[in-house]
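Here's the letter readout for the chains.
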Amino acid sequence: MLSNEVRYFLAVANTGSLSAASEQLFVAVSAISRQIQRLENQVGVPLFARHARGMVLNEAGEIYAHHVRKNMLDMEHALAEIKGLKAVRRTLIRVACTDGLAFTLLPRMIAAFREDNPGVLFDIKVASTQRVAELLRSGECDLALQFSLHAERGVDVIGSWPAPVLLVMHQTHPLANASQVTLTDISHYPLALPQQNTTVRQLFELASHMSGNLIEPVITCDTFSTLFHFLLRTPLAVTICSAFTVLHDAETHGLILRSVGIDQLSQRNLQLQAQSGRPRSAALNVFLQFLQLQLSALEEPLRQRWKP
């Protein structure tokens, strides 16, 4: 059981202010403030930077919060083993992923896994690349799937697969059968792009700047589903993603994937990540192995499906 000091500390750390923590806990602001001060007196240093808008963990607070959350997870794991919840048939697996992977890949993988493991439950959080990494390091999820440009600190990379940025267009698009597609070619057609906080957009912007082809999108959105459905209803439109994002849905909807011969667009990898140093349940290990096998099996067919 958590003491009130620690419980209130986590609430303020998660919400960013005493008032927000008060609303979440149904406890008076003054009571929360007293417990935070008491905790800081026990630790011997301030744990928050106080601002007019709220409270943010300082370096000492980050360290304290990390250890508290880790101890909570270790206790959950111990209780799960004691109660027999470690068995594959009775386990919740918490997954964090970026939006493109939540569109098709992850739902298909989970559905296939549950055919043989119907008792395993899943909780999925969709977030930005930066937030996914934070969720994994803080222990708020058990595994993460995300497109990465570099190795993330504090995590175990269970598997990594090339995930270059590709163009998506209708099979009837004028560029669909072109011998080579360039950024200049794309500039003549409506372009739908994810927003700036995604690795796919960052690589596309880098390639555009280096080639001198700055293309203004007609629509931007942080949800790939919106871009996908805009593309379906706009025959001349083009969007970008990886082959993992659309899987078989491209062919089903009469779409084609094409590459652009630019090195910057091939720098991404799809990474399967787990928290470093944390015990893993039997179900989590089985699911990680399942994902490794499935993603490795997908890589070659997906590579062959889009035209270089």
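Calculation rules
Residues numbered from 1 in each chain as written. Predicted model: local features only at pLDDT ≥ 70, side-chain atom pairs only at ≥ 80, totals over all residues. Heavy atoms only, no water. UniProt positions renumbered as here; feature names shortened; annotations may be inferred. Helix = DSSP H or I, 4+ residues; strand = E, 2+ residues; numbered from the N terminus. Contact = heavy atoms within 4.5 Å. Pairing = 2+ DSSP bridges. Axes fitted to C-alpha atoms, helices over the stretch in contact; angles between N-to-C directions. Buried < 20%, exposed > 50% of the residue type's maximum accessible area, 1.4 Å probe, protein only. Arc of directions from axis to C-beta. Polar contact = N/O pair within 3.5 Å; in protein donor to acceptor, adjacent residues only side chain to side chain.

An unreviewed UniProt entry lists the chain under the name LysR family transcriptional regulator, from Pantoea rodasii. According to UniProt, the comment filed for the chain under the heading Sequence similarities (unreviewed entry) is "Belongs to the LysR transcriptional regulatory family."

K.L.:
What am I meant to see in the environment of leucine 191 here?
P.N.:
Checked against the element boundaries, leucine 191 lands in strand 8 (residues 191-194). Along the sequence, leucine 191 and proline 235 sit 44 residues apart, while their C-alpha atoms lie 11 Å from each other. Among residues more than four places away in sequence, those in contact with leucine 191 are Ile186, Phe204, Ile215, Pro217, Val218, Ile219 and Val238.

K.L.:
For this particular structure, what's the right way to read the sheet that holds strand 7 (residues 166-170)?
P.N.:
The strands that make up a sheet are held in pairs by hydrogen bonds between backbone atoms, and each pair lies either parallel or antiparallel. Spatial ordering of the open sheet is given by 9-8-10-7-11, a layout of 5 strands whose pairing is mixed. With one partner strand each, in any of the chains shown, strand 9 (219-221) and strand 11 (255-258) form the two edges of the open sheet. Within the sheet, the average angular offset between the axes of one strand and its neighbour, ignoring direction, is 30°. Two strands pair when backbone bridges link them, and strand 7 and strand 10 (residues 238-241) are joined in this way by 3 bridges, in the antiparallel orientation. Residue pairing for strand 10: valine 168 is matched across the bridge by threonine 239. Strands strand 8, strand 9 and strand 10 of the sheet are contacted by helix 9 (residues 199-211), whose axis makes an angle of about 125° with strand 8. Those strands touched by helix 10 (residues 224-232) are strand 7, strand 8, strand 9, strand 10 and strand 11, and its axis lies near 145° from that of strand 10.

K.L.:
How should I be thinking about helix 10 in this particular structure?
P.N.:
Helical geometry: 3.6 residues make up each α-helical turn, so side chains three or four residues apart lie on a common side. Those residues of helix 10 that fall on the buried side of the exposure criterion are Phe224, Leu227, Phe228 and Leu231. Mapping the buried residues of helix 10 onto a view down its axis gives an arc of 100°, with all of them on the same face.

K.L.:
Would you mind going over the side chain of glutamate 40 with me for this structure?
P.N.:
Relative to the assigned elements, glutamate 40 resides in helix 3 (residues 29-43). Overall, the relative accessible area of 10% leaves glutamate 40 in the buried class. From its side chain, glutamate 40 meets the backbone nitrogen of phenylalanine 48 in a polar contact 3.5 Å long. Look past the residues within four positions of glutamate 40 in its chain and what remains in contact with it is Val45, Pro46, Leu47, Phe48 and Arg50.

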